[in-house]
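Listed below, chain by chain, are the residues.
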Amino acid sequence: MARLRTWQVFLVCVVVWGTTWHAITYQLADLGPEFGVAARFGLAGALLLAFAASRDESLRFSPRMHVVLAVQGIFLYGVSYICVYRAEEHVASGLVAVGYSASPLLAGAGAAWLFGAPLSRRFALGGVLGVVGIALVFWPEIVRPARSGNDGAVGAAYTVAAVLLSTVGALVSSRNRGRGLALVPAMGVGMLYGAAAALVGTAISGGRVGWPASWSSWAALGWLAIAGSIVAFAAFLTLQERLGAGPAGTVGVMVPMVALTVSILLEGYQPKTATVIGAAVAVLGNALILWPTRPALSLGAAAAE
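Small disclaimer: the values here were computed from a predicted structure and weren't measured. (Residues numbered from 1 in each chain as written. Predicted model: local features only at pLDDT ≥ 70, side-chain atom pairs only at ≥ 80, totals over all residues. Heavy atoms only, no water.)

The helix and strand inventory of the protein chain stands at 13 helices and zero strands. Here the protein chain, with 305 residues, has 48% of them falling under the buried criterion. Summarising the internal contacts of the protein chain: among those between residues at least 6 apart in sequence, 87% fall at separations of at least 24. Split by element, the accessible area of the protein chain, about 14,100 Å² in all, is 68% carbon and sulfur. (Helix = DSSP H or I, 4+ residues; strand = E, 2+ residues; numbered from the N terminus. Buried < 20%, exposed > 50% of the residue type's maximum accessible area, 1.4 Å probe, protein only. Contact = heavy atoms within 4.5 Å. Areas by Shrake-Rupley, 256 points an atom, 1.4 Å probe, with all protein chains shown as cover.)

Along the polypeptide, T202 turns up in helix α8 (residues 183-205). Along the sequence, T202 and E34 sit 168 residues apart, while their C-alpha atoms lie 5.1 Å from each other. Ignoring anything within four residues of it in the chain, the contact list for T202 reads E34, F35, G207, R208 and V209.

Moving on, we come to the pattern of salt bridges. Side-chain pairs of opposite charge can arise where the charged atoms are in close proximity. One pass over the structure, following the stated rule, counts three salt bridges. The shortest N-O distance in the salt bridge between R86 and E89 comes to 3.5 Å. Among the charged side chains, a salt-bridge network with shared partners connects E34, R86 and E89. (Salt bridge = Lys/Arg side-chain N within 4 Å of Asp/Glu carboxyl O.)

Our focus in this paragraph is the side chain of R40. The residue R40 is located in helix α2 (residues 33-54) in this model. One buried charged residue, R40, forms no salt bridge at all, with the nearest opposite charge on E88 at 7.3 Å. Side-chain polar atoms of R40 contact the side chain of Y85, separated by 3.5 Å. If sequence neighbours within four positions are ignored, R40 has contacts with I24, Q27, Y81, Y85, L221, L224 and A225. (Lys, Arg positive; Asp, Glu negative; His and termini not counted. Polar contact = N/O pair within 3.5 Å; in protein donor to acceptor, adjacent residues only side chain to side chain.)

Going through the model one piece at a time under the given rule, you end up with two cavities of 30 Å³ or more. Considering only enclosed or pocket space, the largest cavity measures out at about 50 Å³ in volume. If you trace the largest cavity, you find it lined by S101, A102, L105, G126, G127, G130, V131, I134, N286 and I289. Every element with two or more residues in the lining of the largest cavity is listed here: α6 (121-143) and α12 (273-290). Ranked by residues supplied to the lining of the largest cavity, first place goes to α6 with five residues. Of the residues belonging to the lining of the largest cavity, the class tally is five nonpolar, five polar and no charged. (1 Å grid on protein atoms, 1.4 Å probe; cavity = no way out; pocket = protein on both sides within 12 Å on 5 of 7 lines; lining within 4 Å. Points joined across faces, edges and corners; volume = space filled by probe spheres on them. Nonpolar A, V, L, I, M, F, W, Y, C, P; charged D, E, K, R; others polar.)

The buried count for helix α4 (residues 93-100) comes to eight of eight residues, which makes it a mostly enclosed element. Among all positions of α4, only S93, G94, L95, V96, A97, V98, G99 and Y100 are buried.

For any two helices packed against each other, the geometry is given by the interaxial angle and the distance between the axes. At their nearest, the axes of α2 and helix α9 (residues 215-243) sit 9 Å apart, and the two run at 45° to each other. Between α2 and α9, the angle is such that the two are oblique. Where α2 crosses over α9, the two elements pack in a sense that is right-handed. Taken together, the residues of α9 that come into contact with α2 (itself represented by A39, R40, L43, A44, L47 and L48) are L221, L224, A225, I226, S229 and I230. Split into classes, the residues belonging to the contact of α2 with α9 amount to ten nonpolar, one polar and one charged. (Axes fitted to C-alpha atoms, helices over the stretch in contact; angles between N-to-C directions. Parallel < 35°, antiparallel > 145°, perpendicular 65-115°, else oblique. Left-handed = near helix turned anticlockwise from the far one by under 90°.)

Right, dumping it as structure tokens:
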């Protein structure tokens, strides 16, 4: 990533994360949601730990830290993503991505409630716009007559559950960073715990178990585990180093729009007027939440590097 210009790193991050939502649909073609999540994060966690070991980072954690990493992983990478996969069985992947963009709002509200973190008026306004926008995005899916395997209300419910569960994991992750845990090893261990939770979910649900049966499913697994969890993650860390945490967070504004565009182009999704308006409102809300008040370096300036 060091050789890429900042705008190129930003583009890598947005394109990779924006397309992972569609890649999930190829996994679902061969694997059950629970086992698909287990395969994805099991592989990603193992690769992240191998990457950390190659940089001589310690992979040892105390029993207490394993407990908090297990909680982080189970919520952030396990049960929340099972709900994501379940949601994509009922609605377009881009809609789930837009709904998932409410995570920063809930994480911020949770941090204020639990840890006393300050909330600005701009954050509050962005949150209201985000919720209204997401409601508009899903409204046409909720009110239309249910069709076999394509019940919009069920998809919306799974998306809400995914956001709530991931928020718990995000809050635990925030506390873990405050404890000074090395980011990459902690993330890798957390993913393995999430994969283990998904395997338990597979056993409980009686879901399909087995390796992908098609090249597209194998490609999706590789894209999700390698590109989505390592390449994009490295790109995001590079953005944080160059721009600061605030400007780097604006990646989250663009990712849902890329995901929605991919659904339109590749999944045959035809958005209604309410969906288009809602997506625009949700993006505005996310921008208010994530865009820094005083950015240290703008993306426009960075692009000239």
